[in-house]
Amino acid sequence: MIKVLIVDDEQMERDGLEMILNRHFELEISQARNGRIAIDMCEQLKPDLIFMDIQMPGISGLEAIEQLHQAYPDTTFILVTAFAKFEYAQQAMKLGVHDYIVKPSKVSEIVKIVEGALDKICAEKKSSEESKRYQSTIEKAMAVFETDVVTQLLFDHVHEVHLNQLVDLLHIPITQDKFVMNLLIPEEAKGSYSAVKEVVRSTGSGWTGAMNGRQVPIIVFRNSGESFRHQAITMAKRILSLKKPDQDIWFVGIGDVYEPIERIKQSYQESLIATRNYHQPVKYQFYSDMPALTLDFYSQSYKAYEQKFDELLRQEEWHLLTEEVNESIDQYERENRDIIQTQKQIAEILWLISSILSDMGVEVDMPVYSVQVTGYKQLRAETSYMIDRMKYAHQAHSQNTDGDMIEQIKHYIIEHAHEDLSLEIISKEAGLSPIYVSKLFKEKLGINYISFLTECRLEKAKKLMRDSEKSMKEIAIEIGYHDPNYFSKVFKKAYHLSPTAYRSKTVT
């Protein structure tokens, strides 16, 4: 209900105006006998409409309006005066007064002025509520899009609309220098994911990706005037402070800084490597501080390993993969390599296998040798044990992802295309990891999920355009786009025509 405050030093005037208002309107009415009391009352009452008498002892009506207008700019004022003087009206209009009533006035004139003021208040309230709802929706959409943007950047899944357009829509600041932090958390801490996102968001310099197994990737943009190490350590400590005493290890790996956005994946790979040795007192590790790797991650041999293992894993040729690893161990033994160096290199190969599995959506524990081996026989046994663990995790994952899964996901997207869908939401529905859902789409359908979602939305938009009564803004919202300009960009990219031009050309 609209709140009204009547301010007048004469009781009879206040009561008379309140009686008229009660006869013609449904209002919550309060009274004040002077401007000072009115100012004090407004702090608690926060009225929508104030009737203010000009001539009162102490603070004048105009002085009270000036103070109240500064404190409550959305409040509407109606001046009440016995003097219909131009200078009063002129001064009142400068203070934002809606209208004024001259004492005495006919009841019909008062009612007409009040009706105009109430119409103005109701329109402003409606506009304000719509704005708040829109802002709330945009904020929710931003959180949804954020994880998708990270996935696209780190896993090469390109959005149908250029990434920069999406970034512009979300008002996300992008600086030249950027790096990736990878948070490793235990199974029992997965409920802390929202808190991690909130911490990163509060810094104003990072985007949090979807959880992938036990890993949470975070893209961080360099702050000007702050060193890379200081910024990274500060954020890592804030994230690690979320760990509960009874939880297992939390650990943050930090990749190097890169300038082009296209090289952010390199920093991500480095952040993954930096999480390998998480059994250490300090729970964050810079990739640049790690000892030199025995297997050069940028070398041709590494890329050959990666390609070979990826092919064997996708074909589920575990015996061939095991043979490949054992052949490496045999070769090092024939060369009489130091057992500690050999263990380190085999650990890097196992890490590569687990990384490929993780990208496939398989949740695997980081492969870490529990002991320092003393001989090649023990190394083979420990290595076989870790490969078997990864094999069982992969088999369990495969049992949950039968051939109908892609059809189920497609059906879900079609049914919910008008909602704020993201990889995270779809993956939860399917019981899979976001990365796996995206890869599944790419491999089975030849497109990414966002392309399929866009097709569903635009097909529905074309059908809705047949209704000439629907505006483009209504259509955009109905199919799941909160910003009509963004919808127009998406539509034009797909059909090489703006929505308005398409409607004019196809709808008669």
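Residues numbered from 1 in each chain as written. Predicted model: local features only at pLDDT ≥ 70, side-chain atom pairs only at ≥ 80, totals over all residues. Heavy atoms only, no water.

*Asks:* How should the overall build of the protein be read in this particular structure?
*Replies:* Scanning the protein for helices and strands turns up 20 helices and 10 strands. The buried share of the protein, reckoned over its 508 residues, is 49%. Excluding contacts between residues fewer than 6 apart, the proportion of contacts in the protein whose partners are at least 24 apart in sequence is 68%. A total of about 25,800 Å² of accessible surface is found on the protein, and carbon and sulfur atoms cover 49% of it. (Helix = DSSP H or I, 4+ residues; strand = E, 2+ residues; numbered from the N terminus. Buried < 20%, exposed > 50% of the residue type's maximum accessible area, 1.4 Å probe, protein only. Contact = heavy atoms within 4.5 Å. Areas by Shrake-Rupley, 256 points an atom, 1.4 Å probe, with all protein chains shown as cover.)

*Asks:* Whenever I open this one, the pairing of strand 2 (residues 28–32) confuses me. Can you help?
*Replies:* Every other side chain in a regular strand lies on the same face of the sheet, so the side chains alternate between the two faces. When strand 1 (residues 3–7) meets strand 2, the two strands line up parallel, connected through 5 bridges. Paired with isoleucine 6 across the two strands is glutamine 31, which belongs to strand 2. For the crossover from strand 1 across helix 1 (residues 11–24) to strand 2, the handedness is right-handed. (Pairing = 2+ DSSP bridges. Right-handed = clockwise from strand over helix to strand, strands pointing away.)

*Asks:* Sorry, what's going on with unusual backbone geometry here?
*Replies:* When glycine is set aside, most residues are seen to have a negative phi, and most peptide bonds are trans. At asparagine 336, a residue that is not glycine, the phi angle is positive and equals roughly 60°. Relative to the helices and strands, asparagine 336 is located in the loop between helix 11 (318–334) and helix 12 (339–359).

*Asks:* Explain the packing of helix 9 (residues 264–273) against helix 12 here, please?
*Replies:* Each pair of packed helices gets described by two things: the angle between the helix axes and the distance between those axes. As a packed pair, helix 9 and helix 12 sit with axes 11 Å apart at the nearest point and diverge in direction by 120°. In terms of axis orientation, helix 9 runs oblique to helix 12. As for the relative orientation of helix 9 and helix 12, their crossing is right-handed in sense. For the pair formed by helix 9 and helix 12, the contact residues are Tyr268, Gln269, Leu272 and Ile273 on the first element and Trp351, Ser355 and Asp359 on the second. Here the contact of helix 9 with helix 12 is built from residues that sort into 4 nonpolar, 2 polar and 1 charged. (Axes fitted to C-alpha atoms, helices over the stretch in contact; angles between N-to-C directions. Parallel < 35°, antiparallel > 145°, perpendicular 65-115°, else oblique. Left-handed = near helix turned anticlockwise from the far one by under 90°. Nonpolar A, V, L, I, M, F, W, Y, C, P; charged D, E, K, R; others polar.)

*Asks:* Can you help me understand the environment of threonine 342 in this one?
*Replies:* Mapped onto the secondary structure, threonine 342 falls in helix 12. Residues threonine 342 and isoleucine 329, spaced 13 residues apart in sequence, show a C-alpha to C-alpha distance of 7.4 Å.

*Asks:* Is there a simple way to think about the pattern of salt bridges in this case?
*Replies:* Should their charged atoms come close, side chains of opposite charge can pair. Within the structure shown, the criterion is met by 11 salt bridges. Two residues, lysine 120 and glutamate 124, come together in a salt bridge whose shortest N-O distance is 3.2 Å. Of the two residues, lysine 120 and glutamate 124 are both situated in helix 5 (residues 107–155); the distance of 4 residues between them amounts to about one turn of the helix. Classification of glutamate 124 as partly exposed rests on a relative accessible area of 38%. As a salt-bridge pair, aspartate 289 and arginine 229 come within 2.8 Å of each other at their nearest N and O atoms. With aspartate 289 in the loop between strand 10 (284–286) and helix 10 (300–314) and arginine 229 in helix 8 (residues 228–240), this residue pair connects regions lying 60 residues apart in the sequence. (Salt bridge = Lys/Arg side-chain N within 4 Å of Asp/Glu carboxyl O.)

*Asks:* Any chance you could explain the nonpolar core here in plain terms?
*Replies:* Soluble globular proteins tend to bury their nonpolar side chains together. Ile353 and Ile409 are the most contacted members of the largest nonpolar core, which totals 64 residues. In terms of residue count, the dominant contributor to this core is helix 12 (10 residues). With residues up to four places along the chain from it excluded, the contact list for isoleucine 409 reads Ile426, Ala430, Leu432, Val437, Leu440 and Phe441. Counting 24 residues, the second-largest nonpolar core is a separate cluster that includes Met181, Val216, Ile239 and Tyr284. (Core = buried A, V, L, I, M, F, W, Y, C linked by side-chain atoms within 4.5 Å.)

*Asks:* Where do I start with the packing of helix 17 (residues 449–464) against helix 19 (residues 484–495) in this structure?
*Replies:* For the pair helix 17 and helix 19, interaxial distance at closest approach is 11 Å and the crossing angle is 95°. Taken as axis vectors, helix 17 and helix 19 run roughly perpendicular relative to one another. Note on element contacts: helix 19 touches helix 17 through Phe487, Val490, Phe491, Ala494 and Tyr495, opposite Thr454, Leu458, Glu459, Ala461 and Lys462.

*Asks:* Sorry, what's going on with the confidence of the model for the protein here?
*Replies:* The predicted structure's coordinates, where accompanied by low pLDDT, should not be read in detail. Across the protein, the average pLDDT comes to 82, with 85% of residues at or above 70. Across residues 158–162, confidence stays below pLDDT 50; counting only partners more than four residues off in sequence or on other chains, it has 12 contacts. (pLDDT = per-residue confidence, 0-100.)

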